[in-house]
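# Observations on the three-dimensional arrangement
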Amino acid sequence: MFSQEAEVVVIGGGVVGSATAYFLAKENKNVVLIEKGHSAGEASGGNAAWVWSLTRKAGIDITLAMHSISIHQQLQAELELDFEYRASGGLMIMDAENQVPFVKEHLDQREKDGHPLEMVDAKQVLEIEPMLNRDRILGGVWNPVDGTTNPILLVASLNREAEKLGVQIHHHTEVKGIDVSQGRVKSVTTNRGTIKTDCVVNAAGSWAGHIGKMVGITVPVSPFQMAMLVTERIPRCIFHPIMGASYMVEEDTGKEGGLGSGLIASQQVSGNLLLGACWRDAGFDKRTIQEEIERIAIVNIEAMPSLKDIRVIRSFANFFPHTLDDLPILGPVEGVEGFIMASGHNGHGICLGPGSGKLVAELLCTGNTSVPIEELKLERSALSVE
Amino acid sequence: MEKAELAIIGGGPGGISAAVEAAGSGVNVTILDENARIGGQIFRQLEKGFTLTNPEAMGRDYQKSVDLFRQFKKVASRINYLNHATVWGIFDDHRIAYGRNGKSKTIEYKNLVIASGAYDRPVPFPGWTLPGVLTAGGAQNLVKNQRILPGKKILLAGTGPLQLVVAHQLIQAGADIAAILEVGDVKGMWLKLMQGMWGNWGYAGDGLRYVQTIHKAGVPIMQNHIITRANGNQHVEEAVIARVDKDWRVIHGTQKSLKVDTVCLGYGLVTSTELTRLAQCDHTYDSGLGGYVPVRSETMETSQKGIFAVGDGAGVAGSQVALTEGQIAGIAVVQALGRASGAEQKKTLAGLQKKLARHHRLRQVLDDISRPRPGLYELAEDETIICRCEDITFKQIKPLIQKEGIKAKDIKRRTRVGMGSCGGRMCGPILIELLRNLGMQVSKQPDGLNVRPPVKPVSLGVLAGAGDNQ
Ligand SMILES: Cc1cc2nc3c(=O)[nH]c(=O)nc-3n(C[C@H](O)[C@H](O)[C@H](O)COP(=O)(O)OP(=O)(O)OC[C@H]3O[C@@H](n4cnc5c(N)ncnc54)[C@H](O)[C@@H]3O)c2cc1C
Ligand SMILES: Cc1cc2nc3c(=O)[nH]c(=O)nc-3n(C[C@H](O)[C@H](O)[C@H](O)COP(=O)(O)OP(=O)(O)OC[C@H]3O[C@@H](n4cnc5c(N)ncnc54)[C@H](O)[C@@H]3O)c2cc1C
């Protein structure tokens, strides 16, 4: 039976939409979740699976991340299906002098903001991750709250619990239009029927702009590609997520059409290594290119030469919902009552998704949020192209 | 970057005949094959010690391939044959990436022929992953190349001609075969079958000789029989077999057990399509041709201009078809490069296409018997492994495949089936057949189980170009 009516229609079965639907249902809202493919079939299913806050900047950026990490912990305690969330701690490594001032500045800012990080020396780095190339390491940053999860299981777990609470989830169902009259949302039309509602949550990830168009607004979210390699299963040799500090220096490389790259490495519960990454503007293309694959191999071999003979079994690329200021767009939109944004989670939506879902649910149920989200509104100046 | 007017992936009969044809007309050809020796699957079946100078040692069924290798030698100066070259990706801008001697290299091609061959069809049933269960191709490799008997008491189970070849070879090598199970219905079709299959796989005479060896050895050929389970602790000790109906479904009450220590499975072949899929060629599904096959024009060109597909990788039809298709593609490439006079080539093409049509008519007979029926994919039980790389059992995927509207892609995301080191070569065909059994519409494109480079495992060192030079 296809749903006729709902208090809230959530568009998008990624981590953001799935968390939103779950938290709304916990507050007894009557919710329908619409997903054009399958849950976690897009960015939330193919990513590095890190729950990572080390590189989040002072201010709203780290506030959101820390809030969401507390929600990951809450979910781990309350959801039935285990989703392999492990706060193992995370490591950033420095291997070039030019990185040091950027990293120091970051640590300063975080300290001032009340979210300090720990600097570690080369010896400590190698104690934490013995496989790293001792000839290159200058030092690092250690953050005990970071870790990894299994986003596919996280979404499955959120969906399962939401369904128990009465949420109707329609897979392989695409939102085609949203009826707005006199500035208010009236209904959502899909390829399988129309649902009457006065509230829609746009959690369509990289497609958030398409949904925005349906109500006549511009949502400045665009797909941005990130590529990674998966190796064969090997005995445990990487114990924590490892990121290269080049990210602190060259964060913007590639975002204007070129090809950016930097070290990220972790090992899955199954034993496969997940190695990255390259990024580039490739629209909605999920194919990986030769340069990406070779570049990722080079970056990882430099950092961990002993991986030389480990075989790569697959590459993959996915796109994440990118915004100009690297922050999500959350909350109501001027001029369209009942239209709520929950997109633009960039390269950290797995970390942020549960928190965003919680905040949107609070907003819809109480009118307030436990973390102020005014700064994240669609109308903020940092999102305009100028 | 190296350049090639024609790059060919696969050095089996399909690839070689395309190369001979094109090089014969002055085209510069590069062939890439992952093996040490030229010749593809056929050559791998040869006796040890064979060299190109004594083709008679091969027996008549290889004669045609041998003729081809002779021709190959004549035009070899225009062919750059790269052995130990594992193609790991095909990319835009006419580029192929391959690993060789510890390095990753790139070739830019004008035309590409993909002749990647086929492999044994995987069929899951309780016990199929036990040591002692092997494929017919694997068994053949053991006896012919390594002169090792796969076991003491052997059961052959499957369908089609390869079983008879393997049985013949095993008997010659002194093996004790308990029985040969032919799951298909061959009744009254022996003669047709001989003509049909051996028309493509060799010569009818050889087929008869094989059947005679089998009869003389007193090995029963049990038609309409299937293996339903292999039992044993650590290793096969017993096989349970049963009679099947025309849909290959087990007829209850007909089960019996055979004491054997080895089971060879030969349910035909499935196409290797990872390269044509990576090149984004259109495909269609045809279980008789071995699963997904690229859509091709009369000249073997895929939906991607300048990319041709020939041989078993484009539809399992045997080495004679591979030879003919390779030749056609070779001529088409010569024409595309403007190296041909036109009229004469046209005539040759017409002749070859006629020959192909005849082969395909013969192949139909094989199809009638050996095209997989639903019962073949109903043997798995809850604990039966479906994906060997990721250790995923039937129980884990069963609730998903029964969900309405589910796609192979969804199952992959949820269970990791197909995400192991074989890249879905083993579990992919199984999953598709399981879904088909449930009446699922199989999508035209194999989009459910996307291939992503590297299509074959390649070490990080090779990809980084940092490997040693050896
Ligand atoms: C390679 C890679 C690695 C990453 N690594 C990490 C990491 O380690 N840690 C981290 O925190 N983040 C990471 N990210 C980012 C993270 O994956 C994303 O930010 C996050 O998944 C976004 O979630 P989402 O729910 O907004 O979007 P999605 O998961 O893309 O969900 C949006 C959903 O909306 C659906 N949809 C769209 N349009 C419609 C419509 N019209 N009708 C119905 N449904 C529709 C889509 O099908 C999709 O399923 C990574 C991203 C990539 C690409
Ligand atoms: C197990 C088995 C047993 C057989 N037994 C017989 C028999 O006894 N008698 C008979 O007449 N016929 C037999 N056949 C059939 C016959 O071998 C084939 O019909 C014939 O070889 C098809 O030729 P081809 O050129 O299409 O493919 P193949 O001969 O299979 O050649 C394909 C080549 O491409 C290579 N390749 C594939 N992918 C890549 C890559 N990414 N990079 C580099 N190289 C790659 C493969 O390694 C292989 O060498 C058998 C086939 C198989 C699979």
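Not measured: the values here are computed from a predicted model. (Residues numbered from 1 in each chain as written. Chains lettered and ligands numbered in written order. Predicted model: local features only at pLDDT ≥ 70, side-chain atom pairs only at ≥ 80, totals over all residues. Heavy atoms only, no water.)

### Quick word on the interface of chain A and chain B
For interface size, the figure often reported is the accessible area lost on association. With 35 residues of chain A at the interface, the matching set in chain B holds 34 residues. At the junction of chain A with chain B, the criterion picks out 3 salt bridges. Between E390 of chain B and R233 of chain A there is a salt bridge, with the nearest N and O atoms lying 2.8 Å from each other. In this structure, the connection of chain A to chain B is made through 13 residue pairs in polar contact (both at pLDDT 80 or more). Counting residues per element, the ones that place at least two in the side of chain A that touches chain B are α5 (151-164), β13 (222-233), β16 (272-280), α8 (290-303) and β17 (311-322) of chain A. Looking at which element gives the most residues to the side of chain A that touches chain B, the answer is α8 of chain A, with 7 residues. Here the side of chain A that touches chain B is built from residues that sort into 14 nonpolar, 12 polar and 9 charged. As paired elements, β17 of chain A and strand β22 (residues 458-459) of chain B share 2 bridges and run antiparallel to each other. From the neighbouring strand, V312 of chain A faces β22 of chain B, where its bridge partner is V458 of chain B. (Contact = heavy atoms within 4.5 Å. Salt bridge = Lys/Arg side-chain N within 4 Å of Asp/Glu carboxyl O. Polar contact = N/O pair within 3.5 Å; in protein donor to acceptor, adjacent residues only side chain to side chain. Helix = DSSP H or I, 4+ residues; strand = E, 2+ residues; numbered from the N terminus. Nonpolar A, V, L, I, M, F, W, Y, C, P; charged D, E, K, R; others polar. Pairing = 2+ DSSP bridges.)

### Some details on the site of ligand 1
Residues and elements named next belong to chain A. What surrounds ligand 1 is a group of 36 residues, the closest being E35, S44, W50, N346 and C351. In this structure, an oxygen atom belonging to ligand 1 sits 3.2 Å away from a main-chain N or O atom of V16. Residue I350 places a main-chain N or O atom 2.9 Å away from an oxygen atom belonging to ligand 1. Taking 1000 Å² as the accessible area of ligand 1 by itself, protein coverage stands at 98%. Sorting the residues of the shell around ligand 1 by element identifies α1 (15-26), β17 and α9 (349-366) as the ones contributing at least two each. The two domains that each donate at least three residues to the shell around ligand 1 are domain 1 (8-67 + 151-220 + 326-384) and domain 2 (90-144 + 222-322). (Near = heavy atom within 4 Å. Areas by Shrake-Rupley, 256 points an atom, 1.4 Å probe, with all protein chains shown as cover. Domains from an automatic or database assignment.)

### Structural notes on helix α9 (residues 319-336) of chain B
If you check α9 of chain B, its first and last C-alpha atoms are 25 Å apart, about what 18 residues at 1.5 Å a residue would give, namely 26 Å. Burial analysis of α9 of chain B places 15 of its 18 residues in the buried class, the great majority of the element. (Expected span 1.5 Å × (residues − 1). Buried < 20%, exposed > 50% of the residue type's maximum accessible area, 1.4 Å probe, protein only.)

### Considering the pattern of salt bridges
Close approach of charged atoms allows side chains of opposite charge to pair. Residue and element names in this part refer to chain A. Tallying each qualifying case throughout the model produces 39 salt bridges over all chains. Between K358 and E362 there is a salt bridge, with the nearest N and O atoms lying 3.0 Å from each other. Separated by 4 residues within a single helix, K358 and E362 lie in helix α9, roughly one turn from each other. Using a relative accessible area of 21% as the deciding quantity, one classes K358 as partly exposed.

### Thoughts on the sheet that holds strand β15 (residues 260-267) of chain A
On the basis of which strands lie adjacent, the open sheet formed by 9 strands has the order β5(A)-β6(A)-β4(A)-β14(A)-β15(A)-β16(A)-β13(A)-β17(A)-β22(B) and mixed pairing. Edge positions in the sheet fall to β5 (118-121) of chain A together with β22 of chain B, since each has one partner strand and no second. Pairing of β15 of chain A with β16 of chain A involves 6 bridges; the strand directions are antiparallel. Along β16 of chain A, the bridge assignment pairs S266 of chain A with L274 of chain A.

### Describing the confidence of the model for chain B
Residues and elements named next belong to chain B. Mean pLDDT over chain B: 86, with 89% of residues reaching 70 or higher. Taken as a whole, residues 46-61 scores under 50 in pLDDT and shows 29 contacts with residues more than four places along the chain or in a different chain. Prediction confidence for the complex, expressed as pTM and ipTM, is 0.90 and 0.92 respectively. (pLDDT = per-residue confidence, 0-100.)

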